[in-house]
Amino acid sequence: MATQQLKQDILRLLRRNARLPDAEIADRLAVDVAEITAAIAQMEADRELLGYSAVIADGALPDGEVSAIIEVEVQPERDGGFDRIAENLSRFPEVLSVYLVSGRYDLRLAVVGHSLQDVAHFVASKLASQPGVRATATHFMLKTYKEAGIQFHEGEDYERLKVVP
Amino acid sequence: MSDSKLSRNWVADHIARLPRSGIRDFFELVNTMDDVISLGIGEPDFATPWHVREATIYALQKGFTSYTSNLGYMPLRRSVCRYVAERFGATYDPATECIITVGVSEALDIALRSVLNPGDEVVYHEPCYVSYAPSIAMAHAKPVAVVTKEETQFALDPAAVEAAITPKTKVMLLNFPNNPTGAGLTADDKARLAEIAIRHDLLVITDEIYEDMTYGERSPTIASLPGMKERTLFLNGMSKAHAMTGYRIGYACGPQALIEAMMKVHQYSMLCASSIAQAAAIEALENGDRARDEMHREYEQRRNVIVKRLNELGLPCLLPRGAFYVFPRISGTGLTSDAFARRLLKEQRVAVVPGTAFGACGEGYVRCAYATGLDDIEEAMRRIGRFLATLG
């Protein structure tokens, strides 16, 4: 059984690079590779590790995807508050993320579609018409600068001296 | 280089006597080559954390560009003393017991110049950072090296230190975690060295620039042990753990009379450290723990990888207790440190530093820094493997 410390060390590494091979994680943490594989399997089974996704540059996929951040004001329910509607919205495949947030609106959605009309159609027909949704504000995304901790522009590259005692 | 004839030999005798660094040519060779993977760099590969750089820009915008107090900007001295108390366990008064310097190099230089008379002896240990013996010699004193050995994990043997002490010995100079060996001092080592310093009435100068980069168990600085504060100069700086080498901010903490003496030398030679760099150092000390710890985790993981690989390649290598260097033994190849480093560079384009750069006792070893990304470390290890294969 992996220790809490080992699990956290693995999660930190995978959050930065989900493709890191188990063998490299093992070498970095000076732990046997079988222990790493078992710990990852355990965390997947326990739903501590829910999935792995790639960070993709704007335009790298050919299907002209349009994405939007949508702020949603919701009337919370007496039983369950925001959960039922948030979980309902999470079921739509065009919804990439759903967060409950503090502030002047309640749910923050990231939505993806093939075109502006596509997203607009989703908002009008699926989202705004949900019982409990009081208002929405849609912000189409124009350019990504940073996502999942990764900068989209080239970093500064200063060449260090090659030997320093 | 032009070789114009001097009308007389202008160079001071004690400077002329300083040995020319034997690896200067090697450095120059490396810098002319392309596609070199360098494990020869004794500085972090991380850029200074952005919040620190941003604070530097803000200091410029505010016009914080004047001289500061000779001792250093008071808010920075307060930050330093708080940090030293919390991280290293020694308490100092920022008003009188702390001076901000241009890197630890200046702190060491002015410390030595402030306390040494001609003919005094300084006991230190080798292998060690390249500047120690020359700095002692430039202060007109005599460097006396105690050798640390691989068989004892390059730990400093207190008995060997004591054996090197003579009536002329005035200073015990320590640098742990160590560049280039990665060795550290245990709490027990510190207690025994402190006892020796007190018994022989020595001043301890402890350069703890890598102490923030200790892996595993840490213990309070020797300066915090009973009877030691009044005979210890504690040196540290921002370069390594906070990835701020180019800012050149170091500091010394110690008894008021010694800080006062160092302040005189500093005042007449340096005046003060860069104001904007001092402002940046405050930001790093006050808000930089998280970035420091993230870099530290990365170094620790690289250490695990490089130690495993070198041992797999048949170059025996200890697990460092701190800093970002490993010091593998290469004598089994039959090559000298210098030949190993030169041939590895020419044949496989990997730069390592010959162990002899850090003292004659470094013969048979090379220093590899893991302040380089893991992809480069892995590629360097593959190239070293190919190099070793050609040696048969």
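Up top you'll find the structure we're talking about.
Keep in mind the model is a prediction, meaning the values are calculated, not measured.

(A) A look at the overall build of chain B. Assigned secondary structure in chain B consists of 13 helices and twelve strands. By the compact-globule yardstick of 21 Å for 392 residues, chain B fits well, its C-alpha radius of gyration being 21 Å. Residue burial in chain B is summarised as follows: out of 392 residues, 49% are buried. Once local pairs closer than 6 in sequence are excluded, the contacts in chain B between residues at least 24 apart make up 76%.

(B) Layout of unusual backbone geometry. In this chain, E126 of chain B is followed by P127 of chain B through a cis amide linkage whose omega measures 0°. Examined against the element boundaries, P127 of chain B turns out to sit in the loop between strand 3 (121–126) and helix 6 (132–138). The peptide bond linking N179 of chain B to P180 of chain B adopts the cis configuration, its omega dihedral lying at 20°. With respect to the helices and strands, P180 of chain B occurs in the loop between strand 5 (169–174) and helix 8 (187–199). One non-glycine residue, R47 of chain A, adopts positive backbone phi at about 55°.

(C) A look at the nonpolar core. Ranked by size, the top nonpolar core spans 125 residues in total, and within it A111, M172, A252, A280 and A281 of chain B carry the most contacts. The greatest single-element share of this core, amounting to seven residues, is contributed by helix 10 (residues 275–287) of chain B. Mapped onto the domain boundaries, this core takes at least three residues apiece from domain 1 (13–48 + 290–391) and domain 2 (50–287) of chain B. Apart from residues lying up to four places away in sequence, M172 of chain B is in contact with V123, V161, L193, A197, L202 and V204 of chain B. By size, the runner-up hydrophobic cluster in this structure holds 14 residues, among which are I70, V72, V74 and V123 of chain A.

(D) Fine view of the pairing of strand 8 (residues 250–253) of chain B. All names here are of chain B. Neither face of strand 8 is left uncovered, since the one carrying G250 and A252 and the one carrying Y251 and C253 both have all their residues buried. Here strand 2 (residues 98–101) pairs with strand 8 via four bridges, running antiparallel. Across the sheet, I100 pairs through a bridge with Y251, a residue of strand 8. Where strand 7 (residues 232–237) and strand 8 come together, four bridges link them in antiparallel fashion. Among the inter-strand pairings, L235 is bridged to a residue of strand 8, identified as A252.

Procedures and definitions
- Residues numbered from 1 in each chain as written.
- Chains lettered and ligands numbered in written order.
- Predicted model: local features only at pLDDT ≥ 70, side-chain atom pairs only at ≥ 80, totals over all residues.
- Helix = DSSP H or I, 4+ residues; strand = E, 2+ residues; numbered from the N terminus.
- Rg over C-alpha atoms; globule rule 2.2 N^0.38 Å.
- Buried ≥ 20, exposed ≤ 12 C-beta atoms within 10 Å, placed from the backbone.
- Contact = placed C-beta atoms within 7 Å.
- Core = buried A, V, L, I, M, F, W, Y, C linked by C-beta atoms within 7 Å.
- Domains from an automatic or database assignment.
- Pairing = 2+ DSSP bridges.

Geometric descriptors of this kind do not, in isolation, establish any biological role.
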